[in-house]
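# Inside the fold
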Amino acid sequence: MSEHRFIKACRREETDCTPVWFMRQAGRYLHEYMAVRADHSFLEISRSPELTKEVTLQPLRAFDLDAAIIFADIMTPFEGIDIDFDIEAGAGPVITEPVQTLADLERMKPFDASKVDFLFEAIGQVVAELDGQAPLIGFAGAPFTLACYLIQGRSSREFGKARHIMYTQPELWDGVMTRLSSMVVEYLERQVQAGVAAVQVFDSWVGLLSPYDYKTKVAPYMKGIFDALAGTGVPRIHFGTGTTGLLELMRDAGADVIGLDWRISLDEGWRRVGYDRAVQGNLDPVLLLSDMETVKTQMQRILDEAAGRPGHIFNLGHGIIRTTPREHVAELAKAVHEASKR
Ligand code: 1CP
């Protein structure tokens, strides 16, 4: 795997062209995914290694991508700490009994990896079928983003209840973040043992925080996670959105690759992260709903900002939107490779 252009770019080695994959590359914009969903709920798919393998590989069969990402949700490891949840159509994750008091903390059990064996089994099957053609990325939610759902109970624009607890109940916040951090480390270590070649930690909602609060209430846990994962030897990717005010602090947490969203230009983002790290991004996913001429102009602009420096992985700044035309995804992946040939 270390010879694959995605892994090389994570390590800032020279590549023949810029590697590309897309966050949420599996899922509802693909008719072949919807065909599986017609007969199975999201949770049925994610608990079945065979179905997980199928939907993980669908985008790799359809497009010229440099990495697969295991099909799961950031909620999946909650099964291993006895936190009950569901994925509701339209609403996303819903926590049956949100964690909102010190007493609730006791319901978060130490992570029992055997309860998510289906995921490690799926990873093994995907890696076997890929047979070295492309690396498989494993992932987890970051403790802050997981705590948002765990405390709030469901999706929200502001996650006000979760942030209120962060501000006013330090003991409860530390209890939640400590438990989630050790869950994330063990869950990702097990994914590496099962065969993933890189890991990404999704801190999707961390842009809600001021730099001060990120630094004091989130960054120490992130540093702990990336330090612990250094021992796995695989590249570690740290992703967030709305992070323009947080990039230096995210860099200091220690990952090998920093995700950039479209609210900052790639060149400014990379300069602030530092050229001793790789970067991933950063096309606005809404652009993929435009005509391809517009998409390619912006793709070229991003490649120009990367300036052929080793260590750029092309991606969107956030996940693919459900109404994205699949031909656009196909064309963009091809165009990135062609336009970036060294
Ligand atoms: O109905 C369906 O088919 C379920 C929709 C769906 C899918 C396809 C959900 C519910 N999760 C997923 C898969 C998923 N989730 C992947 C698959 C792998 C791939 O990328 O191909 C990944 C990486 C995730 C990660 C995830 N889930 C994140 C982090 C990334 C991001 O987009 O910010 C978050 C925040 C979630 C929560 C979640 N799960 C599902 C939904 C609809 C949401 C978002 C809810 C919200 O906006 O708050």
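Residues numbered from 1 in each chain as written. Predicted model: local features only at pLDDT ≥ 70, side-chain atom pairs only at ≥ 80, totals over all residues. Heavy atoms only, no water.

## Remarks on the pairing of strand β3 (residues 92-95)
Heads up, the condition is: Should DSSP find at least two bridges between two strands, the strands are regarded as paired. Strands here mean DSSP runs of E at least two residues long; helices mean DSSP runs of H or I at least four residues long; both are numbered from the N terminus.
Both strand β2 (residues 85-88) and β3 contribute to a ladder of four bridges, which runs antiparallel. Residue pairing for β3: Asp86 is matched across the bridge by Val94. Here β2 folds back onto β3 in antiparallel fashion, the turn holding three residues, of which Gly90 has a positive phi close to 85 degrees.

## Considering the packing of aromatic side chains
Within a pair of aromatic rings, the relevant descriptors are the distance that separates the centres and the angle that separates the planes. We count it as follows: Any two rings among Phe, Tyr and Trp, with Trp reduced to its six-membered ring, count as a pair given centres within 6.5 Å; such a pair is stacked if its planes are under 30 degrees apart, edge-to-face if over 60, and tilted if neither. Exposure is judged per residue with a 1.4 Å probe applied to protein chains only, and the accessible area is read against the type maximum: over 50% gives exposed, under 20% gives buried, and values in between give partly exposed. Geometrically, a lysine NZ or arginine CZ counts as sitting over a ring once it is within 6 Å of the ring centre and also within 35 degrees of the ring normal.
Within the structure shown, the criterion is met by ten aromatic pairs. Relative to Phe239, the ring of Phe202 has its centre 5.5 Å away and its plane inclined at 70 degrees; by these criteria the two rings are edge-to-face. Taken as a pair, Phe202 in strand β5 (residues 198-203) and Phe239 in strand β6 (residues 236-240) lie far apart in primary sequence, 37 residues in all. Here Phe202 and Phe239 have matching classes, each one buried. Connected via pairs of aromatic rings, a cluster forms that spans Tyr33, Phe42 and Phe71. The lysine or arginine in question, Arg190, covers the ring of Phe120, its NZ or CZ lying 5.2 Å from the ring centre.

## Quick notes on the site of the ligand
To keep things clear, this is the line we draw: Here a residue counts as near a molecule or strand whenever at least one of its heavy atoms sits within 4 Å of it. Throughout this description, a polar contact denotes any pair of N or O atoms lying within 3.5 Å of each other; where both atoms belong to protein, one of them has to be capable of donating a hydrogen while the other can accept it, and for residues adjacent in sequence the pair is counted only when both atoms sit in side chains. Only the protein chains shown count as cover for residues, with accessible areas throughout obtained via the Shrake-Rupley method and a probe of 1.4 Å. In this classification, Asp, Glu, Lys and Arg are treated as charged, Ala, Val, Leu, Ile, Met, Phe, Trp, Tyr, Cys and Pro as nonpolar, and every other residue, Gly included, as polar.
Around the ligand, 23 residues are found, and the nearest of them are Tyr33, Tyr149, Ser155, Ser204 and His318. Within the backbone of Ala26, an N or O atom sits 2.9 Å from an oxygen atom of the ligand. Within the side chain of Ser155, a nitrogen or oxygen atom sits 2.4 Å from an oxygen atom of the ligand. In isolation the ligand exposes 880 Å². Once the protein is present, 88% of that is buried. Taken together, the elements giving at least two residues each to the shell around the ligand come down to α2 (31-37) and β3. Residue classes in the shell around the ligand are distributed as 14 nonpolar, five polar and four charged.

## A short note on the packing of helix α7 (residues 143-152) against helix α9 (residues 170-194)
As a reminder of what qualifies: Where helices are involved, their axes are fitted lines through C-alpha atoms of the stretch in contact, as for all axes, and angles between N-to-C directions lie from 0 to 180°. Every angle not falling under 35 degrees, over 145, or within 65 to 115 is termed oblique; those three ranges are roughly parallel, roughly antiparallel and roughly perpendicular. The crossing is said to be left-handed when, going from far helix to near helix, the turn is anticlockwise and less than a right angle, and right-handed when the turn is clockwise. The criterion used for residue contact is that any of the two residues' heavy atoms lie within 4.5 Å.
Two elements in contact, α7 and α9, have axes separated by 9 Å at closest approach and are oriented at 120 degrees. With respect to their mutual orientation, α7 and α9 come out oblique. Crossing hand, α7 versus α9: right-handed. Together, Pro143, Phe144, Leu146, Ala147, Leu150 and Ile151 of α7 and Trp173, Val176, Met177, Leu180, Ser181, Met183 and Val184 of α9 make up the contact between the two elements. Residue composition of the contact of α7 with α9, by class: twelve nonpolar, one polar and no charged.

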